[in-house]
Amino acid sequence: MTFAPLMSLMSLMPIAAAAPMPAVPVTASDGVLTVEVANVRAARGHVRIDICPQARFLKAGCPFSGNAPAVVGTTTVTVRDLPPGRYAVQAYLDENDNKDVDRTFFGLPKEGVGFSNDPRIILSPPKFADAAFTFTGAAQTIRLKLRYFL
């Protein structure tokens, strides 16, 4: 989130007529992470994300998650109250809304999947280090692309 529009409006106020404004502390602890998920191929179901610390990456039970109705192109998912830390995002297009990544007999995802930092996926999921990012607690936006294997 940016304060640029507020600053633009404030610059239009006459300086002589402006009363002094009390100082309002600005904190960087709003805990909002926005994830822009690109390459969404269908407007069916939801785009689901998990935000995982290293110990939960690629496992069930990531402590932070979010979802948004799928929109062809880019779907934006916002998660609030995320504490500062080092995380990796795992995302998928849940076209049938069963809250699971559907897989083939050989284990390949049938639905689009993606990870923060868009690491290469060759014969196995990425390592945490390749998908990890640091969240400071200030509002932040990251982008990733879904990949399809079928």
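This text follows the structure it describes.
What you see is a predicted model; the values in this text were computed from it and never measured.

A. Region of the structure containing the overall build of the protein. If you tally the helices and strands in the protein, you get two helices and eight strands. Per-residue burial for the protein yields a buried fraction of 35% across its 150 residues. Residue pairs in contact within the protein that sit at least 24 positions apart in sequence constitute 70% of those at least 6 positions apart. For the protein, the accessible area works out to roughly 9400 Å², and carbon and sulfur atoms hold 60% of it.

B. Layout of a nonpolar patch on the surface. On the surface, a cluster of nonpolar side chains totalling about 280 Å² of accessible area is made up of L108, F149 and L150. On the secondary structure map, F149 appears in the segment after β8 (140-145). Owing to a relative accessible area of 33%, F149 belongs among the partly exposed residues under this scheme.

C. Broad picture of the packing of aromatic side chains. Counted by the stated rule, this structure contains four aromatic pairs. Ring centres of F57 and F128 lie 5.7 Å apart, and the angle between their planes is 75°; on these two criteria the pair is classed as edge-to-face. One end of the pair, F57, is in the loop between β2 (46-52) and β3 (64-69); the other, F128, is in helix α2 (residues 128-131), with 71 residues separating them in the sequence. Taking relative accessible area as the criterion, F57 reaches 6% and is therefore assigned buried. For F128, a relative accessible area of 11% translates into the label buried.

D. Molecular detail of the side chain of D94. With respect to the helices and strands, the residue D94 is situated in strand β5 (residues 85-94). At 3.1 Å, the side chain of D94 and the backbone nitrogen of N98 are in polar contact. A polar contact of 2.6 Å, which involves the side chain of D94, links it to the backbone nitrogen of K99. Apart from the residues within four sequence positions on either side, D94 is in contact with R44, G45, H46, R48, K99, D100 and E111.

E. Looking closely at the pairing of β5. Of all ten residues in β5, eight are buried, a share of seventy percent or more. With seven bridges connecting them, β2 and β5 associate as antiparallel partners. The residue bridging I49 from the neighbouring strand is A91, located in β5. Across four bridges, the pairing between β5 and strand β7 (residues 132-135) is antiparallel.

F. The arrangement of the pattern of salt bridges in detail. By the definition in use, this model includes four salt bridges. Measuring nitrogen to oxygen at the nearest pair gives 2.9 Å for the salt bridge that ties E36 to R143. With E36 in strand β1 (residues 33-40) and R143 in strand β8, this pair connects stretches of sequence that are 107 residues apart. By relative accessible area, R143 is classed as exposed at 54%. In this structure, the salt-bridge partner of E95 is R44, at a minimum N-O distance of 2.4 Å.

Parameters and conventions
- Residues numbered from 1 in each chain as written.
- Predicted model: local features only at pLDDT ≥ 70, side-chain atom pairs only at ≥ 80, totals over all residues.
- Heavy atoms only, no water.
- Helix = DSSP H or I, 4+ residues; strand = E, 2+ residues; numbered from the N terminus.
- Buried < 20%, exposed > 50% of the residue type's maximum accessible area, 1.4 Å probe, protein only.
- Contact = heavy atoms within 4.5 Å.
- Areas by Shrake-Rupley, 256 points an atom, 1.4 Å probe, with all protein chains shown as cover.
- Patch = residues over 30% accessible without salt bridge, like charges linked within 9 Å, V, L, I, M, F, W, Y side chains within 5 Å.
- Salt bridge = Lys/Arg side-chain N within 4 Å of Asp/Glu carboxyl O.
- Phe/Tyr/Trp six-rings, centres within 6.5 Å; stacked < 30°, edge-to-face > 60°.
- Polar contact = N/O pair within 3.5 Å; in protein donor to acceptor, adjacent residues only side chain to side chain.
- Pairing = 2+ DSSP bridges.

By themselves, these are just geometric observations and shouldn't be taken as functional.
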